[in-house]
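Coordinates in review
Chain by chain, the residues:
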Amino acid sequence: MKKLLPLIIIALLFSACSPRPTNHKIGFSGMAQGTYYAVTYFDTLNRNFQPEIDSLLDAFDMSVSMWVEGSVISRINRGEEVACDSIFINTYLLARSVAEESMGEFDYTVGPLVNVWGFGFEDRRKVDQAMVDSLLPLIDYRYVNLDGDRIIKEKEGIKFDFNAVAQGYSVDLVGEFLSTKGIKNCLVDIGGEVLAKGEKPGVGPWLVGIEKPSENEYSDRTLEATIELRDRAMATSGNYRKFYEEDGVRYSHTIDPETGFPVKHSLLSVSVIADDCGSADAWATAFLVMGLEKGKKFLEERDDLEAFFIYSGEEGFLMTWATEGMKELLRN
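The following paragraphs examine the structure supplied in this document. (Residues numbered from 1 in each chain as written. Predicted model: local features only at pLDDT ≥ 70, side-chain atom pairs only at ≥ 80, totals over all residues. Heavy atoms only, no water.)

**Topic: the overall build of the chain**
To keep things clear, this is the line we draw: Numbering of helices and strands runs from the N terminus; a helix is a DSSP stretch of H or I covering at least four residues, while a strand is a stretch of E covering at least two. Classification of residues uses two cut-offs on accessible area relative to the type maximum, computed with a 1.4 Å probe and protein chains only: under 20% is buried, over 50% is exposed, and between them is partly exposed. Working rule for contacts: check all heavy atoms of both residues, and any pair within 4.5 Å makes them a contact. All accessible areas in this document rest on Shrake-Rupley with a 1.4 Å probe, and a residue is counted as covered only by the protein chains that are shown.
The helix and strand inventory of the chain stands at 10 helices and 14 strands. Among the 332 residues that make up the chain, the fraction classed as buried is 49%. For the chain, long-range pairs separated by at least 24 residues make up 59% of all intrachain contacts whose partners lie at least 6 apart in sequence. Within the structure as shown, the chain displays about 17,100 Å² of accessible surface, and the carbon and sulfur contribution to it stands at 51%.

Written as structure tokens, this is what we have:
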């Protein structure tokens, strides 16, 4: 035993003197889904996964992008018989779950209404109550079901709109890909929807900004708040950039599936934190449909979601409200 002791000490000394692997910071950006993406991660092997991520996002567009004519969702919306791939099925199941839990405040069958109001891929029309009434019978997520890899519609003319969930889910897919490569610390941002895993080594939690509502899409972007994020996702939905004005009336891109009209209330922006970005994305839209008071009441019953609301107060001043859990994450 006495002879072994010096050998153990020598081994420990050599181990202590061995250099630690360098944790390389990798960052790159590109375009996807009509917006930007930015990925940052730390890797001791100094690997660049941008080609693989670009391929993943291309495959994602071929499944659930309504702007790609040959995508699965585009073909389903045209009434074609299509075998759904795993990306479409998982997006559908996520959307269905939030639709059910929100009691229809979030509804992925609003496609016909989104199009006539001019926020889809068709030209805007002159919308009146009669037109809305003719389309409302097509708006109900319960009229659609998944049977194996096939979508079954109860009515012709039903069209999906995954815009309020797909972008968030694409963030999750990139995060899952990085996890399979052994990446433990990363930040994935696609069009402002973000997933934070781990932290910035030696620094702490990732910092993510919440944008202050602006007058229009051309206004300068400024931050209302900064959030500390670790092993969770955040998505933001707002009515202040995607809108148009006609005859002095402002129409927002968020459509109330119950009335068929763009929402009209004081809530301007909703940021939601959830375990996954797809859910955060869908719930941000659900709360934007609900409005301030209904959204606050709903959140009282949910301990898995945190939210930050920005709304218009008296005389047009911006006001904010946050859940207690969100307040703990606010940096400023």
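**Quick notes on the sheet that holds strand S6 (residues 193–197)**
What counts, and what does not: Strand pairing is defined by DSSP finding a minimum of two bridges between the two strands. Angles here are taken between N-to-C directions and fall from 0 to 180 degrees, while the axes themselves are lines fitted to C-alpha atoms, restricted in helices to the stretch in contact.
Overall, antiparallel pairing links the 8 strands, which are arranged S1-S2-S5-S6-S9-S12-S13-S14 in an open sheet. Looking at which strands have only one partner, the edges of the open sheet turn out to be strand S1 (24–32) and strand S14 (318–322). For this sheet, the mean angle separating the axes of adjacent strands, direction not counted, is 10°. Here strand S5 (residues 186–190) pairs with S6 via 5 bridges, running antiparallel. Bridge assignment links Ile190 to a residue of S6, and that residue is Glu193. This element, helix H2 (residues 50–64), spans S1, strand S2 (35–43) and S5 of the sheet and lies at about 140° to S2.

**Some points on the packing of aromatic side chains**
The condition is simple: Pairing of aromatic rings covers Phe, Tyr and Trp, the last counted by its six-membered ring, and requires centre-to-centre distances within 6.5 Å; plane angles under 30 degrees mean stacked, over 60 mean edge-to-face, and any other angle means tilted. The rule for a charge over a ring is simple: NZ of Lys or CZ of Arg within 6 Å of the ring centre, and within 35 degrees of the ring normal.
Using the criterion set out here, one finds 20 aromatic pairs in the structure. Ring centres 5.6 Å apart and planes at 90° place the aromatic pair Phe49 and Phe177 in the edge-to-face group. Here Phe49 is found in the loop between S2 and H2, whereas its partner Phe177 is found in helix H7 (residues 166–180), with 128 residues between them in sequence. Accessibility assignment for this pair places Phe49 and Phe177 in one class, buried. Ring pairing ties together the aromatic residues Phe88, Tyr92, Tyr108, Tyr141, Phe160 and Phe162, which thus form one cluster. If you follow Arg142 out to its NZ or CZ, it ends over the ring of Tyr141, 5.8 Å from the centre.

**Some details on unusual backbone geometry**
The residue Met103 is not glycine, and still its phi comes out positive at about 55°. As for its position among the elements, Met103 is in the loop between helix H4 (86–101) and helix H5 (111–116). Its identity as a non-glycine residue notwithstanding, Asp231 has a phi of 55°, on the positive side. When you line up the elements, Asp231 lands in the loop between strand S8 (223–229) and strand S9 (232–238).

**Points about the pattern of salt bridges**
If the charged atoms of two oppositely charged side chains come close together, the side chains can form a pair. Worth spelling out the cut-off: Any Lys or Arg side-chain nitrogen located within 4 Å of an Asp or Glu carboxyl oxygen qualifies as a salt bridge.
Summed over all chains, the structure comprises 15 salt bridges. For Arg75, the salt bridge goes to Glu80, with nearest N and O atoms at 2.9 Å. Ionic pairing is found between Arg96 and Glu100, a salt bridge with its closest N-O pair at 3.0 Å. On the criterion of helical spacing, the pair formed by Arg96 and Glu100 is a turn pair, its members being 4 residues apart in helix H4.

Nothing here speaks to function; it is geometry throughout.
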